[in-house]
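Tertiary structure, described
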Amino acid sequence: MSSSRNVRLLGNSDMGGHGDGGQVVVAERKGKHLAFVGHMGGMGTSILDVTDPRKPKVISQIPIPEGTHSHKVRVCGNVMLVNNERSGGKTWEAGLRLYDISDPAKPREAGFFPTGGIGVHRFWADQDRKLAYISAEMEGYLRAIFVVVDFSDPSEPREVSRWWLPGQWTAGGEEPTWDT
């Protein structure tokens with residue numbers, strides 16, 4: 001039996017058979033409330049109109065490359081950012097994918113920032129500065145490091161900074177002094 005306090009179910013959606021939602025972001029756009037849902041499995045991202053929370057309606061879904069999941073999502077104006085991370089399988093696409101959502105019913109891929117390893121896991125986006133702060137594995141580094149990506153031009157996201165702990169930059173000759 002499930003219970004809740006001060007919470008009442010208003011509506012639900014199986015998101016077209018992709019009810020394995022991860023992170024959810026709700027944003028008001030042009031008088032509508034939209035839910036952006038990152039998925040753990042076979043779908044990448046769903047966009048739902050939740051203006052009437054009793055009747056959520058899927059307005060678009062973006063598939064994800066095989067072996068990849070994009071369970072994290074952020075929205076900054078007309079740009080939606082989603083992580084691309086390995087979810088099993090032998091192939092996947094590692095990085096940060098950017099979409100133009102000026103028409104949320106027809107999102108279009110605007111750019112891609114590739115990373116190494118298993119890809120981007122957690123990230124945060126600064127809407128005012130158009131910077132994404134990502135945790136990602138990068139070529140030549142041991143495990144995930146902190147990378148700052150400028151997405152002021154979503155078609156050409158570019159790295160502006162990176163930070164790591166001493167011992168992570170193995171390509172630069174560093175060796176960890178800590179338990180790996």
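Above this text you will find the structure in question.
The following refers to the structure shown.

What counts, and at which threshold
Residues numbered from 1 in each chain as written. Predicted model: local features only at pLDDT ≥ 70, side-chain atom pairs only at ≥ 80, totals over all residues. Heavy atoms only, no water. Salt bridge = Lys/Arg side-chain N within 4 Å of Asp/Glu carboxyl O. Buried < 20%, exposed > 50% of the residue type's maximum accessible area, 1.4 Å probe, protein only. Helix = DSSP H or I, 4+ residues; strand = E, 2+ residues; numbered from the N terminus. Patch = residues over 30% accessible without salt bridge, like charges linked within 9 Å, V, L, I, M, F, W, Y side chains within 5 Å. Areas by Shrake-Rupley, 256 points an atom, 1.4 Å probe, with all protein chains shown as cover. Pairing = 2+ DSSP bridges. Axes fitted to C-alpha atoms, helices over the stretch in contact; angles between N-to-C directions. Polar contact = N/O pair within 3.5 Å; in protein donor to acceptor, adjacent residues only side chain to side chain. Contact = heavy atoms within 4.5 Å.

1. Some details on the pattern of salt bridges
- Applying the stated criterion to the full structure yields seven salt bridges.
- Between Arg97 and Glu93 there is a salt bridge; the shortest N-O distance is 2.3 Å.
- A relative accessible area of 33% means that Glu93 is categorised as partly exposed.
- Residues participating in the shared-partner salt-bridge network are Glu93, Arg97 and Glu109.

2. Observations concerning unusual backbone geometry
- Backbone geometry places Met15, a non-glycine residue, at a positive phi of 50°.
- Relative to the helices and strands, Met15 is located in the segment before strand 1 (21-29).
- With phi around 65°, Arg143 is a residue other than glycine that occupies positive phi space.
- Position of Arg143 among the secondary structure elements: in the loop between strand 11 (131-137) and strand 12 (144-150).

3. Concerning a nonpolar patch on the surface
- Where nonpolar side chains cluster on the molecular surface, the patch consists of Phe146, Trp163, Leu165 and Trp178 and spans about 430 Å² of accessible area.
- By secondary structure assignment, the location of Phe146 is in strand 12.

4. Looking at the pairing of strand 3 (residues 43-49)
- Of all seven residues in strand 3, seven are buried; the element is thus mostly enclosed.
- Of the strand pairs in this sheet, strand 2 (residues 32-39) and strand 3 are connected by five bridges, and their pairing is antiparallel. Each bridged residue has a counterpart across the sheet, and for Ala35 the counterpart in strand 3 is Leu48.
- Linkage of strand 2 to strand 3, two consecutive antiparallel strands, is achieved through a turn of three residues.
- Inspection of the sheet shows strand 3 paired to strand 4 (residues 57-63) by six bridges, in the antiparallel sense. Paired with Thr45 across the bridge in strand 4 is Ile62.

5. Regarding the sheet that holds strand 1
- Read from one edge to the other, the open sheet built from four strands follows the order 1-2-3-4, with strand pairing classed as antiparallel. What marks the edges here is a single partner per strand, and that holds for strand 1 and strand 4. The sheet shows a mean angle of 20° between the axes of neighbouring strands, direction not considered.

6. A few points about the side chain of Asp126
- Residue position: Asp126 is located in strand 10 (residues 120-126).
- Separated by 3.0 Å, the side chain of Asp126 and the backbone nitrogen of Asp128 make a polar contact.
- Contacts of Asp126, omitting those with residues within four sequence positions, involve Leu131, Tyr133 and Phe151.

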